[in-house]
Amino acid sequence: MLNNEIINYVNKLIKELNLTNYIGIIVYGSYVGNRTNKLSDLDVMIIKDNYETQDCGSLLIDGIRVEYFIQDLKRLYQLIKNEVDNNDPSHLTKFATCEIFYDFEGKTAEFLDYAKTLYNTKIIPSFDNNDKFSIFSINNRMEDLESLIDNESFYAVYYITLEKIRTLYAKINGIIDLPIMKIEKIYNDNIFAKKYIASSSHCLPNQNFINLYLQCIKIDDKNVMLDNIKKLYSYSFKQLDFNPENFCLKFIKKPPFRV
């Protein structure tokens, strides 16, 4: 349930933006989940029907940063469907843990029920040719890291490669993906993780993967970092029937053809 402080902020936001013709308003994020800190902001989504644009903004209200989004209802339905297909539940997570501030004719609650049904659906592990190509690409980045060991660009390639490993590992093992800025806390804090994921259908990677990943995010000697990411890469994909150095894949693509 929204407290009086949040209600006051949202009412002032509505007045500040001169909002009209909205069918729903939801509040989500750390203020709703009791996970606030000194850097927390209040997240608000205003839902409209047949709204042609997507608006966003940030306002300072009574010393609190309020970030808002104005979205079309039909577009939101398509958005969350796409997130399920791509295992990128950034919005689904918000909808699964949000609170309703305003709802016209139950349309917001109906949408949230649908979003929560999608969010609570267990992810089926999959490993297709696109995933094999992704491993091939990651393998190339691993080789690039060896050649960049004396360059400052090593760090950029390293962390990009690290996140490619994590997201692909999640996909092929049926694990829900998570936002990179919260990964360390989620992996280290079980109570926070349960509040954030908020679904018994989803789980974290096993502890071996978590330990290897947490070791990889530490800044250390480049050779140590390279050794750490090699261990994670090997652990993540060694059980798969795929050799990135000896393979042939065929893709059916419709024009225009893009690589």
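Use the structure listed above.
Residues numbered from 1 in each chain as written. Predicted model: local features only at pLDDT ≥ 70, side-chain atom pairs only at ≥ 80, totals over all residues. Heavy atoms only, no water.

**A look at the packing of aromatic side chains**
Next, step 1: All told, the structure shown has 15 aromatic pairs when counted by the stated rule.
Next, step 2: Centroid distance F95 to F111: 5.0 Å. Interplanar angle 80°. Geometry classified as edge-to-face. Pair noted here: F95 is in helix 3 (residues 90-97) and F111 is in helix 4 (residues 107-119), with a separation of 16 residues, a long-range link.
Next, step 3: Connected via pairs of aromatic rings, a cluster forms that spans Y77, F95, F111 and Y114.
Next, step 4: For the cation-ring pair, K185 lies above F192, with the distance from its terminal atom to the ring centre recorded as 5.1 Å. (Phe/Tyr/Trp six-rings, centres within 6.5 Å; stacked < 30°, edge-to-face > 60°. Helix = DSSP H or I, 4+ residues; strand = E, 2+ residues; numbered from the N terminus. Lys NZ or Arg CZ within 6 Å of the ring centre and 35° of its normal.)

**Digging into the sheet that holds strand 2 (residues 42-48)**
Next, step 1: In spatial order, the strands read 3-4-2-1-5; together these 5 strands make up an open sheet with mixed pairing. Edge positions in the sheet fall to strand 3 (55-61) and strand 5 (99-103), since each has one partner strand and no second. Strand-to-strand twist across the sheet, computed as the mean angle between neighbouring axes with direction ignored, equals 20°.
Next, step 2: Here 5 bridges tie strand 1 (residues 24-28) to strand 2, and the two strands are oriented antiparallel to one another. Residue I26 lies in a different strand from strand 2, and its bridge partner there is M45.
Next, step 3: In the packing of helix 4 onto the sheet, contacts are made with strand 1, strand 2 and strand 5, and the angle to strand 5 comes to roughly 145°. (Pairing = 2+ DSSP bridges. Axes fitted to C-alpha atoms, helices over the stretch in contact; angles between N-to-C directions. Contact = heavy atoms within 4.5 Å.)

**Some thoughts on helix 9 (residues 207-216)**
Next, step 1: All of the buried residues in helix 9 are F209, I210, Y213, L214 and C216. One side of helix 9 carries all its buried residues, which in axial view fall inside an arc of 155°.
Next, step 2: If you follow the buried residues of helix 9, they end up packed against helix 6 (154-172), helix 7 (183-188) and helix 10 (222-237).
Next, step 3: Between the side-chain oxygen at the start of helix 9 and the backbone nitrogen of N208 there is a gap of 3.1 Å, and the oxygen is on N206. (Buried < 20%, exposed > 50% of the residue type's maximum accessible area, 1.4 Å probe, protein only. Arc of directions from axis to C-beta. Polar contact = N/O pair within 3.5 Å; in protein donor to acceptor, adjacent residues only side chain to side chain.)

**Quick word on the side chain of S199**
Next, step 1: Checked against the element boundaries, S199 lands in the loop between helix 8 (190-197) and helix 9.
Next, step 2: Of note is the side chain of S199, whose polar atom sits 3.2 Å from the backbone nitrogen of S201.

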